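Notes for the structure review
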Amino acid sequence: IEAVERTPTTAAVEHCLLELAASFGFTAIFGGIVPIRRVPLEELPSRILFQHFPTEWADRYNGMGYVFRDPIVHRLRRDRMPFGWEDAFTSCPKTRDVALIKGEASEFGLRQGHVIPISTIDGTLTAVSFGAPFLSCSVEDLSVLNFAASYAVGCCLHHVESQRRSHRKLTPREYDCLLWAGEGKTDWEISVILGISR
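Worth saying up front: this structure is predicted, and the values here are computed from it rather than measured.

Structural notes on the overall build of the chain
Helix and strand counts for the chain stand at nine helices and five strands. Ordering the α and β elements of the chain from the N terminus gives α-α-β-β-α-α-β-α-α-β-β-α-α-α. Computed over the C-alpha atoms, the radius of gyration of the chain is 18 Å, within 12% of the 16 Å expected from 2.2 N^0.38 for a compact globule of 198 residues. Judged by the C-alpha coordinates and their principal axes, the chain covers about 60 × 40 × 30 Å. Counted over contacts in the chain with a minimum sequence separation of 6, partners at least 24 positions apart contribute 59%. Of the accessible surface of the chain, which amounts to about 11,200 Å², a share of 56% is contributed by carbon and sulfur atoms.

This is the structure we're talking about:
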């Protein structure tokens with residue numbers, strides 16, 4: 001949590017989360033805003049928060065619009081509890097889509113995984129999916145990962161919003177300081193609020 005708090009960019013948040021996931025055996029991460037309805041393919045990149053998958057698989061998945069055929073996304077539309085990839089594959093009625101996604105992910109060494117749905121304050125559904133050649137982590141490990149993923153998504157969305165608002169002229173930390181100064185806080189009060197030195 002402390003490492004994520006210190007991150008200056010979304011890429012750094014992804015790195016922290018991937019580092020934690022790697023300690024549980026995961027090798028890949030994909031996360032973003034879940035498309036509840038079909039959206040144009042060109043809009044999909046703006047919805048991605050984390051993407052550390054084999055490059056060829058990520059290009060194919062994004063370029064071919066596999067998100068609309070993915071059994072994991074199908075399950076996310078009706079289930080807001082964490083689940084395993086296999087749970088999504090077995091519960092999806094579209095067997096051709098299951099065979100496509102499961103088969104092609106396996107080609108890149110991603111045979112098993114864990115998905116964490118995360119609802120934001122404004123009601124947007126996001127999710128983080130972790131992949132691995134095989135899973136051997138405990139329920140406790142997955143609980144830690146669930147908590148960390150939720151926190152990381154919040155930080156990532158904060159970075160995205162801060163950059164959008166500042167038009168890339170201010171860092172997220174500078175933006176936070178400016179926001180609190182606008183509320184009338186002193187430099188000492190801001191340092192206490194943000195947990196940084198004066």
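Structure's up, so let's keep going.
Points about helix H6 (residues 95-107)
The terminal C-alpha atoms of H6, which comprises 13 residues, lie 18 Å apart, in line with the 18 Å expected from a rise of 1.5 Å per residue. Within the sequence span of H6, burial applies to Asp97, Val98, Leu100, Ile101, Glu104 and Ala105. The buried residues of H6 all sit within an arc of 165° when viewed along its axis, so they share a single face. In H6, the exposed residues that point more than 90 degrees away from the buried face are Thr95, Arg96, Ala99 and Glu107. Those residues of H6 that are buried lie in contact with helix H3 (55-63), helix H4 (71-76) and helix H5 (85-91).

Rules used in this analysis
- Residues numbered from 1 in each chain as written.
- Predicted model: local features only at pLDDT ≥ 70, side-chain atom pairs only at ≥ 80, totals over all residues.
- Heavy atoms only, no water.
- Helix = DSSP H or I, 4+ residues; strand = E, 2+ residues; numbered from the N terminus.
- Rg over C-alpha atoms; globule rule 2.2 N^0.38 Å.
- Contact = heavy atoms within 4.5 Å.
- Areas by Shrake-Rupley, 256 points an atom, 1.4 Å probe, with all protein chains shown as cover.
- Expected span 1.5 Å × (residues − 1).
- Buried < 20%, exposed > 50% of the residue type's maximum accessible area, 1.4 Å probe, protein only.
- Arc of directions from axis to C-beta.

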